Amino acid sequence: MRLIRGLHNLRPPDRGCVATIGNFDGVHLGHRTVFRRLQTRGRELGLPATVITFEPQPMEFFAPEAAPARLTRLREKLCAMGDCGIERVMLLEFSPRLAKMSARDFVQRLLLDGLAVRFLLVGDDFRFGHGREGDYALLHAMGKSAAPSGFEVEDLHTITHGAERISSTRVREALGRGDLEHARHLLGRPYRMQGRVGHGAKRGRGIGFPTANIDLHRRCSPLRGVYAVLVRGLDATPIPGVANVGTRPTVNGKDYRLEVHLFDFDEEIYGRHLEVEFRLKLRDEKRFASFDALKQQIQLDAQVAREYLGVRSSPDRA
């Protein structure tokens, strides 16, 4: 998959494609349906499927404190798009300059002059450009008026799972209430987070439960609490464990962090890139009166996680 970071990195071979525009946070089943439709049209026209997306997401630019929790950081999202067979991603920095760009300039500079889009797939409620002045009608009109080098526009219909609309918001709601199974149905896969192991305060080691500390690269997390998990990136098969996602109130933590205790594992893994798959929520995060109380609860959490994941119970290594 070719990643194009900004209009200034466009090359002549990048001209001519079929495209869709959006945040695509989570790359859920609805997004995958969009990608399949885009790829089908791309094959018909002999053109590559291109996703146009933004970093940061527009809401994170305009109202960062009110922006919803990210389901996927940028790296995770790009990996998921590549797994879906997307051939190119146009990544636009959502900056003051882009925010001030008129809708007509956006269409002319990006879709016509830049990518030479021949087919565009967007929602019929899609809005863009300064003051959200651009809409489906403008895209249709500009695409048609630019013929023969213009583009066709097709609107996305609501994509459902049963009777429920599939959306990133629905996935966040499911994760927020600890319903990992429902989130899995909407995503088409178990919910996972990726990150690199960094150094922590080593408090877990001091109470007999060493943890891999992973920076979430998110202002806030879509889930919070203690979970039974499977961890990939260290062995040929996933390693089971128990994880905490949150701010660590017992030690007056402030930033969101993912801490994973791997069962029956004792190796130095600083700097390794891991993928953590969340399988079952065990409980909410809470403040404990002492480290002894925290240790007792972690022991219980680990035992429940072992039973759920089918791991033979054995003394945890310090």
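Before any of the text, the structure's been laid out above.
Residues numbered from 1 in each chain as written. Predicted model: local features only at pLDDT ≥ 70, side-chain atom pairs only at ≥ 80, totals over all residues. Heavy atoms only, no water.

Enquirer: Account for the overall build of the protein, with residues named and values stated.
Expert: Helix and strand content of the protein: 10 helices and 14 strands. In terms of overall dimensions, the protein has a C-alpha envelope of 70 × 40 × 35 Å along the principal axes. Across the 318 residues that make up the protein, the buried fraction comes to 50%. Counting contacts in the protein only where the partners sit at least 6 residues apart, residues at least 24 apart contribute 72% of the total. With the model as given, the accessible surface of the protein reaches about 15500 Å², and the carbon-plus-sulfur share is 49%. Taking the 50 positively charged and 39 negatively charged side chains of the protein as two groups, their mean positions are separated by 2 Å. (Helix = DSSP H or I, 4+ residues; strand = E, 2+ residues; numbered from the N terminus. Buried < 20%, exposed > 50% of the residue type's maximum accessible area, 1.4 Å probe, protein only. Contact = heavy atoms within 4.5 Å. Areas by Shrake-Rupley, 256 points an atom, 1.4 Å probe, with all protein chains shown as cover. Lys, Arg positive; Asp, Glu negative; His and termini not counted. Charge placed at Lys NZ, Arg CZ, Asp CG, Glu CD.)

Enquirer: Pulling in residues and values, what's your account of the side chain of Glu60?
Expert: The topology assignment puts Glu60 in helix α2 (residues 58-62). Within the local environment of Glu60, its side chain forms a polar contact with the side chain of Arg70, the two groups lying 2.7 Å apart. Contact partners of Glu60, with chain neighbours within four places excluded, come to Ala67 and Arg70. (Polar contact = N/O pair within 3.5 Å; in protein donor to acceptor, adjacent residues only side chain to side chain.)

Enquirer: Pulling in residues and values, what's your account of the side chain of Arg88?
Expert: Checked against the element boundaries, Arg88 lands in strand β4 (residues 88-93). At a separation of 3.1 Å, a polar atom in the side chain of Arg88 contacts the main-chain carbonyl oxygen of Asp14. Not counting residues up to four positions away in its chain, the partners in contact with Arg88 are Met1, Arg2, Pro13, Asp14, Arg15, Gly16, Pro48, Ala49, Thr50 and Val51.

Enquirer: Break down the sheet that holds strand β5 (residues 117-123) for me, citing the residues and quoting the values.
Expert: Overall, parallel pairing links the six strands, which are arranged β1-β4-β3-β2-β5-β6 in an open sheet. Each having just a single partner strand, β1 (2-5) and β6 (152-156) make up the two edges of the open sheet. With direction set aside, neighbouring strand axes in the sheet form an average angle of 25 degrees. In terms of strand pairing, β1 meets β4 through four bridges, oriented parallel. (Pairing = 2+ DSSP bridges. Axes fitted to C-alpha atoms, helices over the stretch in contact; angles between N-to-C directions.)

Coordinates in, geometry out; function isn't part of it.
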